[in-house]
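Chain by chain, the residues run as shown.
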Amino acid sequence: MPEDADYGFSTRAIRAGQHFDPTTGAVVPPIYQTSTFVQDGIGGLREGYEYARSGNPTRDSLQVLLASLEQAEHGIAFASGLAAEDALLRAALQPGDHLILGNDVYGGTHRLLHRLHVPAGVEVTTVEMSDSDAVRAAVRPSTRMVWVETPSNPLMKITDIATLAAIGHEAGAIVVVDNTFASPALQRPLALGADVVVHSTTKYIGGHSDVLGGAVLTSDDELAEKIRFIQFAAGAVLAPFEAWLTVRGIKTLAVRMDRHSSNALAIAEHFADHPAIERVYYPGLASHPGHEIAAAQMSAFGGMISVALAGGEAAARTFAESTELFQLAESLGGVESLIGYPSEMTHASVRGTPLEVAPNIVRLSVGIEEVGDLIADLETALPRS
Ligand code: PLP
């Protein structure tokens, strides 16, 4: 039986870290819904398990699975994407350290940095990550981390991960990629030279809008050790049922991402020249400025699209509130299509900062429904000229 690493992605998505139950033969490993573990005499731990904050077999199975998919040595799962990000920032940065942040990232990441880590002494510069010269110019002697989303949220900007990794490493910094939008099914940042991947597993990895979670993946042993300590000591751990649901979701990740991507491409192409739409932001369109880099570092372009409405804010608000199949909600990455108005939803916390999102932008999380139904739904909701 080959090691997990010898199997292809879709096989690992189903098998890595999943040990079938030797007692009953259950094909799906049970949920270890327990807070503590019996000891064989004081300190006599079975398989190292003591208490569910320090370790739980269901969480471990997810951590091994995620590490396998991102080609990392270590996977560390948290109660949310932001809890994962916070643990990474606390593990890697000291007061006085400098971080270079992409100018189009999830609003909550910006809020976490500016409301919690900047007051604790971390310095942050926000730059256009697709511009290598701008990133180089932002480097300081104290730069310790470079943080990017690609594709970014919500403007789908693309950054060349290998180039960014080279710039970051030259500066002596750790390069972090938030891979939430692409998922490891479409893009593996560690293989391209990044040091750390973070995920909101709430999104494509869970895939069904029924679970909140996050993870850090890295092959840096020392950093992983520090993050594991924070996971244990601060306790923002992923609960067993959440871990089990996430493992279940991952089994279909590859097929879901195929369908998300083909649906999104069809929608982006359909609306690219629509009179009510000023611009479609989707890296799968040849007109997208990052298209060639995306085509080189991703195996497909994912399910996220943003559109700028020609009719401005009023048209964008009406559009976001008029679809049927695309439900108006925060979040993304589930099998069901969602529509969002970033400037007042996901990115409300960055109003007045360089990350502010224009009021005519609407974001689509394209699900895996029939694409003809999705196109008809969007057509009906768009203003008529
Ligand atoms: N990163 C990205 C790209 C996100 O979109 C989100 C949430 O929307 C997060 C991180 C934060 O994850 P969570 O909501 O699971 O804390």
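Just above, that's the structure.
In this report, the structure presented in the accompanying data block is examined. Along each chain, the written sequence defines residue order, and numbers are assigned to residues from 1. Only residues with pLDDT of 70 or above have their local features reported here, since the model is predicted, and side-chain atom pairs are shown and tallied only from 80 upward, although totals for entire chains, interfaces and linings are computed over all residues. Remark: hydrogens and water are excluded; side-chain values derive from all non-hydrogen atoms of the structure.

## So, helix H4 (residues 107-117)
Among all positions of H4, only Gly107, Gly108, Thr109, His110, Leu112, Leu113 and His117 are buried. Where H4 is buried, its residues contact helix H3 (81-92), strand S2 (98-102), strand S3 (123-127) and strand S4 (143-149). We call a residue buried when its accessible area falls under 20% of the maximum for its residue type, exposed when it is over 50%, and partly exposed in between, using a 1.4 Å probe and counting protein chains only. Counting from the N terminus, the helices are DSSP H or I runs at least four residues long and the strands are E runs at least two residues long. Note on definitions: a residue-residue contact is assigned when non-hydrogen atoms from the two residues lie within 4.5 Å.

## So, the pattern of salt bridges
For this document, the term salt bridge refers to a Lys or Arg side-chain nitrogen within 4 Å of an Asp or Glu carboxyl oxygen. On inspection of all chains with the given rule, the structure shows 8 salt bridges. Put simply, aspartate 133 and arginine 136 hold a salt bridge, and the shortest N to O gap is 3.7 Å. Of this pair, aspartate 133 and arginine 136 both sit in helix H5 (residues 132-138), 3 residues apart, roughly one helical turn. Here glutamate 344 makes a salt bridge to arginine 317, at a shortest N to O gap of 2.2 Å. With glutamate 344 in the loop between strand S11 (338-340) and strand S12 (361-365) and arginine 317 in helix H11 (residues 312-320), this pair connects stretches of sequence that are 27 residues apart.

## Looking at the site of the ligand
Whether a residue is near a molecule or strand depends on its heavy atoms: if one lies within 4 Å, it is near. By nearness alone, 14 residues border the ligand, and Gly81, Asp178, Ser200, Thr202 and Lys203 come closest of all. Residue serine 200 places a side-chain N or O atom 2.8 Å away from an oxygen atom belonging to the ligand. Here threonine 202 contributes a side-chain N or O atom positioned 2.7 Å from an oxygen atom of the ligand. Put simply, the grid is 1 Å and covers the protein atoms alone, a cavity is a trapped set of points that fit a 1.4 Å probe, a pocket is an open set with protein on both sides within 12 Å along at least five of seven lines, and lining residues have an atom within 4 Å of a point. Assignment to a cavity or pocket requires that more than half of a molecule's atoms be within 2 Å of the site's grid points. Of the pockets mapped on this structure, the ligand occupies the second largest pocket. Sorting elements by how many residues they give to the shell around the ligand places H3 first, with 3 residues. Under the rule applied, a polar contact is a pair of N or O atoms within 3.5 Å (in protein, one hydrogen donor and one hydrogen acceptor; residues adjacent in sequence only if both atoms are side-chain atoms).

## Brief notes about the packing of helix H9 (residues 253-271) against helix H12 (residues 371-381)
The axes used here are C-alpha line fits, helices contributing only the stretch in contact, and every angle between their N-to-C directions lies in the interval 0 to 180 degrees. Running from N to C, H9 and H12 cross one another at 40°; their axes reach a closest spacing of 10 Å. With respect to the hand of their crossing, H9 and H12 are arranged in right-handed fashion. Seen from H9, the contacting residues are Asn263, Ala266, Ile267, His270 and Phe271; seen from H12, they are Val371, Leu374, Ile375, Leu378 and Glu379. Crossing chirality is assigned from the near helix's rotation relative to the far helix, an anticlockwise turn below a right angle marking it left-handed and a clockwise turn marking it right-handed.

## A word on the nonpolar core
In terms of nonpolar packing, the biggest core is built from 80 residues, with Ile267, Val280, Ile305, Phe319, Val362 and Leu364 touching the most fellow members. With 7 residues, the top contributor of residues to this core is H9. Note that the domain bounds reflect an automated or database-derived domain assignment. Two domains each put at least three residues into this core: domain 1 (9-250) and domain 2 (253-381). What isoleucine 267 contacts, discounting residues up to four positions off in sequence, is Ile305, Phe326, Leu364, Val366, Val371, Leu374, Ile375 and Leu378. Only buried residues count toward a nonpolar core. Its members are Ala, Val, Leu, Ile, Met, Phe, Trp, Tyr and Cys residues joined through side-chain atoms within 4.5 Å. Counting 30 residues, the second-largest nonpolar core is a separate cluster that includes Met145, Ile174, Val176 and Ile230.

## Section: the sheet that holds strand S7 (residues 214-218)
In space, the 7 strands of this open sheet follow the order S1-S7-S6-S5-S4-S2-S3, with mixed pairing throughout. Each edge of the sheet is formed by a strand with only one pairing partner; in this case those strands are strand S1 (74-78) and S3. Averaged over neighbouring strand pairs, the angle between their axes works out to 20° when direction is ignored. Pairing between two strands is assigned when DSSP locates at least 2 bridges connecting them. Sheet analysis places S4 next to strand S5 (residues 174-178), joined by 5 bridges and oriented parallel. The partner of valine 146 across the bridge, within S5, is valine 175. Those strands touched by helix H2 (residues 57-69) are S1 and S7, and its axis lies near 130° from that of S1. Here H4 sits on the sheet in contact with S2, S3 and S4, set at roughly 160° to S2.

## Brief notes about the packing of H2 against helix H8 (residues 240-250)
Running from N to C, H2 and H8 cross one another at 35°; their axes reach a closest spacing of 8 Å. Remark: the crossing between H2 and H8 carries left-handed chirality. Counted together, Thr58, Arg59, Ser61, Leu62, Leu65, Leu66 and Leu69 of H2 and Pro240, Ala243, Trp244, Thr246, Val247 and Ile250 of H8 form the full contact between these two elements. The nonpolar class holds Ala, Val, Leu, Ile, Met, Phe, Trp, Tyr, Cys and Pro. Asp, Glu, Lys and Arg form the charged class, and all remaining residues, Gly among them, are polar. A class-by-class count of the residues in the contact of H2 with H8 yields 9 nonpolar, 3 polar and 1 charged.

## As for the pairing of S2
Across the 5 residues that make up S2, a large majority, 5, are buried. Residue alternation in S2 divides its side chains into two sets, His98, Ile100 and Gly102 and Leu99 and Leu101, and both sets are buried. Relative to S3, S2 runs parallel, the two sharing 5 bridges. When the bridges of S3 are listed, histidine 98 appears paired with glutamate 123. Of the pairings in the sheet, the one linking S2 to S4 comprises 4 bridges and is parallel in character. For isoleucine 100, the partnering residue across the bridge sits in S4 and is valine 146.

Purely spatial values, then, with no claim about function.
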